[in-house]
Every structure is written in C-alpha cells, then in structure tokens.
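Descriptive analysis of the structure
In case you want the letters, here they are:
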Amino acid sequence: MVQSPRPEEVLSFKQSLALQQRFQRAIPGGGHTYAKGDDQFPEHMPPYIVRGKGCHVWDADENEYIEFGMGLRAVTLGHAFEPVIEASRAQMLHGSNFVRPATIELECAEEFLSIVTGAEMVKFGKNGSDATSAAIKLARAYTGRDMVAVCAEHPFFSVDDWFICTTAMDAGIPSAIKELTVKFHYNNIENVEELFHRYPSRIACVILEPEKEVPPQNDFLHKLKDLCHTHGAVFILDEMINGFRWHIGGGQAFHNIIPDLSAFGKALGNGFSISALAGKREIMRLGGLDHDRERVFLLSLTHGAESHSLAAALAVMKTYKSEPVVETMWNQGKRLAAIIEKTIDELHLQGFVEVIGRPCALVLATRDEHRKPSQPFRTLFLQETIRRGVLAPSFVVSYAHNDEDIDRTGEVVYEALCVYRKALDEGVGKYLVGRPVKPVFRKYR
Ligand SMILES: Cc1ncc(COP(=O)(O)O)c(C=O)c1O
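Since we're looking at a predicted model, the values are computed, not measured.

1. Considerations on the nonpolar core
Counting 74 residues, the largest nonpolar core has Phe112 and Phe395 as its most contacted members. For this core, the secondary-structure elements that each account for two or more residues are α5 (103-115), β4 (121-125), β10 (275-279), α13 (307-322), α14 (325-346), β11 (353-356), α15 (375-386) and α16 (403-426). Once residues lying within four places of it in the same chain are set aside, the contact partners of Phe112 are Val122, Phe124, Phe244, Phe264, Leu268, Ala276, Ala278 and Met317. By size, the runner-up hydrophobic cluster in this structure holds 53 residues, among which are Val192, Cys228, Met240 and Ile283.

2. Re the environment of Thr379
Locating Thr379 in the fold gives a position in helix α15. Look at Thr379 and you get buried, because its relative accessible area is 0%. Along the chain, Thr379 and Val433 lie 54 residues apart, while their C-alpha atoms are 9.0 Å from each other. With sequence-adjacent residues up to four places away left out, Thr379 is seen in contact with Pro42, Leu432, Arg435, Pro436 and Val437.

3. Section: the packing of aromatic side chains
For the structure on display, the rule yields 14 aromatic pairs. Their ring planes at 15 degrees and their centres at 6.1 Å tell us that Phe156 and Phe441 sit as a pair that is stacked. Of this pair, Phe156 sits in the loop between β5 (147-151) and α7 (161-164) while Phe441 is found in the segment after α16, placing the two residues 285 residues apart along the sequence. Note on Phe254 and Trp330: the rings are 5.6 Å apart at their centroids and 20 degrees apart in plane angle, and the pair reads as stacked. One end of the pair, Phe254, is in helix α11 (residues 250-254); the other, Trp330, is in helix α14, and 76 residues separate them in sequence. Residue Phe254 is classed as partly exposed on the basis of its relative accessible area, which comes to 31%. Overall, Trp330 belongs to the buried group, its relative accessible area being 14%. One Lys or Arg, Arg371, reaches over the ring of Phe352 and ends 4.4 Å from the middle of that ring.

4. Overview of the site of the ligand
Residues in close proximity to the ligand include Asn127, Gly128, Ser129, Phe156, Phe157, Glu209, Asp238, Met240, Ile241 and Lys266, which together make up its full environment. At 2.7 Å, a backbone N or O of Gly128 approaches an oxygen atom of the ligand. One nitrogen or oxygen atom from the side chain of Lys266 is found 2.8 Å from an oxygen atom belonging to the ligand. Expressed as a share of its isolated accessible area of 390 Å², the protein-covered part of the ligand is 81%. Looking at the shell around the ligand residue by residue, the class counts come to four nonpolar, three polar and three charged.

5. Re the sheet that holds strand β13 (residues 390-391)
Taken in spatial order, the four strands of this open sheet run β1-β2-β3-β13, and their pairing is mixed. With partners counted over all chains shown, the strands left at the sheet margins are β1 (49-53) and β13, one partner each. One ladder, built from four bridges, connects β1 with strand β2 (residues 56-59); its direction is antiparallel. If you follow Ile49 over to β2, its bridge partner there is Asp59. Seen against the sheet, α16 touches β2, β3 (64-67) and β13 and runs at an angle of roughly 105 degrees to β3.

6. A short note on the environment of Val419
One can find Val419 in helix α16. Accessibility expressed as a relative area gives 10% for Val419, which makes it buried. In this structure the C-alpha to C-alpha distance between Val419 and Tyr431, which are 12 residues apart in sequence, comes to 7.6 Å. Excluding its chain neighbours within four sequence positions, the residues that come into contact with Val419 are Leu380, Glu384, Arg388 and Tyr431.

7. Focus: the packing of α14 against α16
Put simply, α14 and α16 touch, their axes get as near as 10 Å, and they point 20 degrees apart. Classified by the angle between their axes, α14 and α16 sit roughly parallel to one another. In this structure, α14 meets α16 at a crossing whose hand is right-handed. Residue-level inspection shows Gln332, Arg335, Leu336, Ile339, Ile340, Thr343, Ile344 and Glu346 of α14 in contact with α16, the latter providing Asp403, Ile406, Asp407, Thr409, Gly410, Val413, Tyr414 and Leu417. For the contact of α14 with α16, the residue count by class is eight nonpolar, four polar and four charged.

8. Some remarks on the pattern of salt bridges
If you walk through the whole model with that rule in mind, you get 20 salt bridges. For Arg442, the salt bridge goes to Asp39, with nearest N and O atoms at 2.8 Å. Placement of Arg442 in the segment after α16 and of Asp39 in the loop between α2 (14-26) and β1 is noted, with a sequence separation of 403 residues between them. Accessibility expressed as a relative area gives 21% for Arg442, which makes it partly exposed. When salt bridges that share partners are traced, they join Glu384, Arg387, Arg388 and Glu415 into one network.

9. Quick word on the pairing of strand β7 (residues 203-208)
Burial within β7 is extensive, with six of its six residues counted as buried. Judged from the four bridges that link them, β5 and β7 form a sheet pairing that is parallel. Bridging from a neighbouring strand, Met147 pairs with Ile203 of β7. Note that the unit made of β7, helix α10 (residues 220-230) and strand β8 (residues 234-238) has a crossover that is right-handed.

Quick notes on the rules
- Residues numbered from 1 in each chain as written.
- Predicted model: local features only at pLDDT ≥ 70, side-chain atom pairs only at ≥ 80, totals over all residues.
- Heavy atoms only, no water.
- Core = buried A, V, L, I, M, F, W, Y, C linked by side-chain atoms within 4.5 Å.
- Buried < 20%, exposed > 50% of the residue type's maximum accessible area, 1.4 Å probe, protein only.
- Helix = DSSP H or I, 4+ residues; strand = E, 2+ residues; numbered from the N terminus.
- Contact = heavy atoms within 4.5 Å.
- Phe/Tyr/Trp six-rings, centres within 6.5 Å; stacked < 30°, edge-to-face > 60°.
- Lys NZ or Arg CZ within 6 Å of the ring centre and 35° of its normal.
- Near = heavy atom within 4 Å.
- Polar contact = N/O pair within 3.5 Å; in protein donor to acceptor, adjacent residues only side chain to side chain.
- Areas by Shrake-Rupley, 256 points an atom, 1.4 Å probe, with all protein chains shown as cover.
- Nonpolar A, V, L, I, M, F, W, Y, C, P; charged D, E, K, R; others polar.
- Pairing = 2+ DSSP bridges.
- Axes fitted to C-alpha atoms, helices over the stretch in contact; angles between N-to-C directions.
- Parallel < 35°, antiparallel > 145°, perpendicular 65-115°, else oblique.
- Left-handed = near helix turned anticlockwise from the far one by under 90°.
- Salt bridge = Lys/Arg side-chain N within 4 Å of Asp/Glu carboxyl O.
- Right-handed = clockwise from strand over helix to strand, strands pointing away.

Function-wise, these values are silent; they only describe arrangement.
Written out as structure tokens, the structure is:
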C-alpha cells in the first residue's frame, strides 16, 4: 500500500506515457541509447524531452527539470549554447561534406592538437566508439598482437564487439572474439603484470579511463604506462568523460601523463557528433600514406568530417579557452556535494547515501538498510527527485548550472532524502511506485 501521493499525481506524465507505447513499438529498447531507456527510470515517470536550454529541459507534458549528466555527459556548456549553435549554423550555410577534405578539417585538427599537447596526430570520428575501437585496431596492427586488456572498474569503452563481449549482453558475438579481451583492476599494477606474464607477447594494448570515481593511487597511471612499454603494449586512455571536464586537456593533462593513444568525444561537440582518436605519430601514421608498413584502415567515415560538427567543436574549444568552463564545473560540483553531504549528515544517512567522484563528475551511491547497493533505493531517489523537477541519474554538472540551479537541486535532494530516510526505516516497498530500475548490461529482460 503506497502512502505517499503517487508521483503522477504531482506531475502529469500523460503525454509521455502515451508516447512510451509508440517509442517501444518503433524502436528496440524504446530509444536510441540504452542508458536513456525506460528500464533506467521509474516505471510511471518516463519523461520524453522536447527541448532544452542551459541545464533546463522540458518534457512532452511541459514539465520543467534541472538536468544533470546532460547528453550522457556530452553537453558540458549547456543545451543550445549560442556560440556553438551559431558557429555550426554559419558553417552549414557553406555546405557539410565535399569530395575532398575541407579546410575546416585541418583547422579543427590543429586546434585540437594545440589543446591535447601530448598528441602528434588526430583523426575525427562521430561517436566515441569510433575512436576507441580505432585505437584498439591500430594498437593491434602496430604490435602484431590480438589481445586487449580493459579496465574492469570502468563500465564502458565501445559499442563494438571487442568490448561488449566482456558484458552480460554478449549475444551475437563469436566466442573467438571473447577470448581476446581480458580485464584488469584499476590501481592494481600487480594484476596487470600478472596478465602480461599469463599472456606473453599477446596483449596489444591496455585501455582505461584516466580516472573514474576512484583516483589513481601510488602513481598507478605512470607505472601502468611503463609496464605497457616494458611488455611492448600500447597504452591507451579513454578520455570520453575526463576530456574537457577534469581539465581542458583531459585526464592526461590533469594527471600529467602522455598516453600512446587517446580517444575523445562527448564534450568536444557539446551535443554535436564528433569524436577524436589522437596519439603518437609513430602509431597514428600507420593509418596514413607515408610509410612502408602494412596499411591500417583507420577511421574512414562518410560523415567523419561533417563540417558543421567540426565548426561546433572549434567553437567548443574556443569557449573552453576563453571562459572558466572547467573551473565552473568543479566549483558547482563542490557546492552541490557540500549541500548533499550536509543533508546526509542531518538525516543520518551516512553509509546509505554517498556522493562520490570528483566535483566535476559526481554520482550518488544509493544503498539499502544493509548498506548494500540498491536499485530499489536508486529508483526511489529518482522518483522523488523527478517528481520535484530534478532529472538526475547522476549529479554530473555542466557550465550552465548556476548557483540557483544548484541550490534548488539541494532543496529537492533534501526532500527526496527525507523520503529515503523513511523508506530505510519502514521499507522501500511502502514508498516506491512500480518496479525498480535495472542495470543496462543484463542477459534477459
Ligand atoms: C568512457 C566511455 N568511453 C567510450 C564511450 C563510447 O562513446 P559513444 O557512445 O559516443 O560511442 C562512452 C559512452 O558513454 C564512455 O562513457
């Protein structure tokens, strides 16, 4: 028996609930990215977004939300950020795609290399997976080896088989592919060492994010790079989330380490589709025309140089250089973390709810009455925040989150955590409406 008012009695989701059926009928998974799927949100509250501005979005029922983790962490400057839109629009008027490279490709490449200073060459793609998968292919070609070592604690590197084969959703992937990817643990250098010994001269590369929620300890990144080089493997950093967030130059600049290859995407386009594979000339040039080794078919996409996305990326990079984007994200994250931590203390939720990660990339851990990670409690938190106008699968901030947005979010979190406290004491079933959310990577429905 649910005692709190049903969420749909507070905000109306009438239009969204009607759209949900059509989404499910037309699109496998009910959307084009699993992380945005219905199973990731409370059952009776599936807002479909119609428009966004800054860090605010409006759904099909005209409900307004303060949004976090915008565009799966891609939109760091805010939705419909004028200088990016304007640059992209202006470029569109000159055409989008030609039979020969456009000059803007060079302009964008040189600008990127002036920011990611450890890289000597760069090639653009559209999705992050284009870049990480190209890095893997290049590493395999460069080393003449087949195996790949991926960081076990980092949840996603690519939509392609070399990575998806490590998840529970590995249907359709040949077992021969699965045998080629192995996992290592972050901050555990002995574990990587052991892998290199178990598979002598077989591991082409190691790939990881510079940092996720746990920072490198004991000089892990530098030791890992050295270990890779000792064993003839390529050291790859996935900068999809760290890039243009931890630091304008990514986690590699933040941690002062130069990878052999790195992959950027997300924030580089502020919602426009662009990714980048960057790295050492000695490796990258295998995808080029000026060497005598066997040639590598490296990132050759019809839309790879779509000029209005390159214009968007140029405007993004210019904004990062001229405005305090990174500093603001860190500051606003700190402000929000402090507010939430105060609430956690006040409501005696230590050990049940925890703000984790760097201020520029906060997530909230939700645990049950036994302090175990809990999907029902996560769902309850989402339910109670969404119904109050905050859409926060994470608390990853953007440059657009101002003090007022952060403080309002703090109030909403306070109210949501009051319900969370009661649910811990009285049972989550009493407050949760509908089924809990589920992990994206699972075998069956
Ligand atoms: C760390 C990381 N690497 C790679 C990717 C893949 O990027 P995309 O979805 O643009 O292909 C993602 C996407 O979420 C990611 O978070």
